[in-house]
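Chain by chain, the residues run as shown.
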Amino acid sequence: MFKIGGLVEELKGWFSTEQAKIKARAADLEAKLTKQDLNPLPKETKTCLSDKISDLIPHSVHIAAVKSQLEEAIERWQSDSTAANSLVILVSPVEPVEAIFKEVLAEKDPTKLAIESLPHALRSPDGSQTKERILEKLDLSQDRKSTLTAIPDLSWCFLRCAEGLEAIEHLQEMILGDRERFWLIGCNNWTWQYLDCVCNLSSYLEQTFCLPTLKGIELKDWLKPVSETIDFEFAYDLGERDRKSIDKDKSELNPDGEENWTSESEKRYYEHLAYISLGLSRVAAKLWLESLYAFNSEEEDEDDDKDESKGDRKPFIFQRATLPELPSLTKEDRYLLHSLNLHGDMTLSELALSLGDQERKIQRQVRSLQRSGIIEAKSAAISLNPRYYPKVRTNLDNNRFLVGGL
């Protein structure tokens, strides 16, 4: 007589055996990679790839989302005299909102709506002249036609210090009092929370849209113009023989034809990258580059010569992406990092003023954090290294700083 209980037990045993085989294969791979002694990327290669990443335009998902929201908001504003005349795009402090706005506004038809976009150099060194700088850039003539005014980053318009919020308060009045102008404003979540607390900003700018985070497949597609310039494999791969036994058939990977994965290894890599980067493009790009290694060109021993997978070896290999560890942060370090995320790029004098401390002291602190890799300094601009953003955010949140959304 057929016993279903015995069949179930037999199936359990089979699954356990297969799981053990997969775990053993993964452990064997990890041991081989350790033995192969992977090397960091050559400096020239890393710089070249970094430059290519910098040249990437924002993901089409972001451009399309902002464009769609903007068109709908403008249509409501033009057809309804009571509709909001502003749209705020909320983003992470490390996402390229200025670049997104540039792409969106390039597609607008200027014959339908005059377009003006305020430049980066708005914030005055002590914050007191920011309002005047903004007014200089705006077309305030009486005979102008309806205008779309873009402020790519609201953090350019204030400094957390005495008189530093005057420009924000004036913008609130202008937005309420000028129905001929539609405002497209980019603002990071940290800045939004801070300004809402001190200026009740959400009462004036009621219409907001949160920029979506990116999925693994979207990160893969965005980075494809860069990844196509190198010959690589993923750490999960052991060559064609093992790939056939580990990876799923391509038709199983893409059952609906929506996600174009070439292997299970690729899928696992990018989905993990999306997870640890919080789906933020600049964070993911930094982690992607840091997870790329070069194989040691020298043969280690005779066993390596016998490795059947060596014939399929690529010059570069992607290890599992990981977040860098945070060094120990002082209370002063946290205040500094919080200020950087509120304001974006800052000069040393702006940072000192926002913290209410001497510039010499802040300079020592900046150098220390720069040596640890947490912050970057390019020319006179100081900013957070996106690689550290997820852990910095968690650290500050745990220490009761107002960090906003992602």
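Keep in mind that this is a model prediction, so the values were computed, not measured.

In this section: the layout of surface pockets. Here the largest pocket defines a volume of roughly 1300 Å³. Top element by residues in the lining of the largest pocket is helix α2 (residues 43-54). It accounts for 6 residues. When its residues are assigned to classes, the lining of the largest pocket shows 20 nonpolar, 12 polar and 13 charged.

This next bit is on unusual backbone geometry. The backbone of Asn200 sits at a positive phi, close to 55°, despite the residue not being glycine. Residue placement: Asn200 occurs in the loop between α7 (189-199) and β6 (208-210). A residue is classified by how much of its surface remains accessible, and Asn200, at 41% relative accessible area, is partly exposed. For Leu278, which is not glycine, the phi torsion reads 65° and is therefore positive. Within the secondary structure layout, Leu278 lies in the loop between α11 (264-276) and α12 (281-290). Its relative accessible area of 27% is what places Leu278 among the partly exposed residues.

Further remarks concern the packing of helix α14 (residues 331-343) against helix α17 (residues 389-398). Close contact between α14 and α17 brings their axes to 11 Å; oriented N to C, the two are set at 120°. As the angle between them shows, α14 and α17 are arranged oblique. The two elements α14 and α17 meet at a crossing, and its hand is left-handed. Across from Arg334, Leu337, His338 and Asn341 in α14, the residues of α17 making contact are Tyr389, Val392, Asn395 and Leu396.

Enumeration over the complete set of coordinates arrives at 11 salt bridges. For Glu266, the salt bridge goes to Lys220, with nearest N and O atoms at 3.3 Å. Of this pair, Glu266 sits in helix α11 while Lys220 sits in helix α8 (residues 216-227), and the two are 46 residues apart along the sequence. Using a relative accessible area of 8% as the deciding quantity, one classes Glu266 as buried. In this structure, the salt-bridge partner of Glu376 is Lys286, at a minimum N-O distance of 2.8 Å. With Glu376 in strand β10 (residues 375-378) and Lys286 in helix α12, this residue pair connects regions lying 90 residues apart in the sequence. A relative accessible area of 28% means that Lys286 is categorised as partly exposed. One connected set of salt bridges, linked through shared partners, spans Glu116, Asp178 and Arg181.

What follows covers the environment of Ala84. Positionally, Ala84 belongs in the loop between α3 (60-79) and β2 (86-91). In the structure, Ala84 is positioned 92 residues away from Leu176 in sequence and 9.1 Å away in space, judged by C-alpha atoms. Here Ala84 is in contact with Trp77, Arg179, Phe182 and Gln207, once residues within four sequence places are set aside.

As defined by bridge partners, β10 adjoins strand β11 (residues 381-384) across 4 bridges and the pair is classed as antiparallel. Looking at the pairing, Ile375 lines up with Leu384 of β11. The hairpin formed by β10 and β11 contains 2 residues between the paired strands, and Ser379 there has a positive phi angle of roughly 55°.

Here His338 is to be found in helix α14. Here His338 falls in the buried class, since its relative accessible area comes to 6%. A polar side-chain atom of His338 sits 2.9 Å from the main-chain carbonyl oxygen of Leu402.

Ordered by their spatial adjacency, 4 strands build an open sheet running β1-β8-β9-β7, and the pairing between neighbours is mixed. The open sheet has two free edges, formed respectively by β1 (39-40) and β7 (232-234), since each of these has just one partner strand.

Another aspect to go through is α14. Taking 1.5 Å of rise per residue, 13 residues should cover 18 Å, and α14 covers 19 Å from first to last C-alpha, within 8% of that figure. Within α14, 10 of the 13 residues are buried, leaving the element largely enclosed by the surrounding structure. Those residues of α14 that sit buried are Asp333, Arg334, Leu336, Leu337, His338, Ser339, Leu340, Asn341, Leu342 and His343. Positioned one or two residues after α14, Gly344 has a phi angle of 75°, which is positive.

All right, on to the sheet that holds strand β3 (residues 114-117) then. Strand order in the open sheet made by the 5 strands is β3-β4-β5-β2-β6, with parallel pairing throughout. Pairing within the sheet leaves two strands with one partner each, and these edge strands are β3 and β6. For this sheet the average axis-to-axis angle between neighbouring strands, irrespective of direction, equals 15°.

The next thing to look at is the confidence of the model for the protein. The share of residues in the protein with pLDDT of 70 or more is 80%, and the mean pLDDT across the chain is 84. Confidence, expressed as mean pLDDT per element, reaches its minimum in the protein at helix α9 (residues 240-246) with 43 and its maximum at α12 with 98. For residues 237-247, every residue scores under 50 in pLDDT, and the model assigns this stretch 20 contacts once sequence neighbours within four places are set aside.

Time to look at the nonpolar core. Counting 81 residues, the largest nonpolar core has Leu154, Ile168, Tyr270, Leu273, Trp288 and Ile374 as the members making the most contacts within it. The element best represented in this core is α12, accounting for 6 residues. The contact partners of Leu154, leaving out residues within four places of it in the chain, are Ile168, Leu171, Ile185, Gly186, Cys187, Leu195 and Leu201. If you look at the next biggest cluster of nonpolar residues, it comprises 22 residues, including Ile100, Val104, Leu184 and Phe209.

Cut-offs applied
Residues numbered from 1 in each chain as written. Predicted model: local features only at pLDDT ≥ 70, side-chain atom pairs only at ≥ 80, totals over all residues. Heavy atoms only, no water. 1 Å grid on protein atoms, 1.4 Å probe; cavity = no way out; pocket = protein on both sides within 12 Å on 5 of 7 lines; lining within 4 Å. Points joined across faces, edges and corners; volume = space filled by probe spheres on them. Helix = DSSP H or I, 4+ residues; strand = E, 2+ residues; numbered from the N terminus. Nonpolar A, V, L, I, M, F, W, Y, C, P; charged D, E, K, R; others polar. Buried < 20%, exposed > 50% of the residue type's maximum accessible area, 1.4 Å probe, protein only. Axes fitted to C-alpha atoms, helices over the stretch in contact; angles between N-to-C directions. Parallel < 35°, antiparallel > 145°, perpendicular 65-115°, else oblique. Left-handed = near helix turned anticlockwise from the far one by under 90°. Contact = heavy atoms within 4.5 Å. Salt bridge = Lys/Arg side-chain N within 4 Å of Asp/Glu carboxyl O. Pairing = 2+ DSSP bridges. Polar contact = N/O pair within 3.5 Å; in protein donor to acceptor, adjacent residues only side chain to side chain. Expected span 1.5 Å × (residues − 1). pLDDT = per-residue confidence, 0-100. Core = buried A, V, L, I, M, F, W, Y, C linked by side-chain atoms within 4.5 Å.

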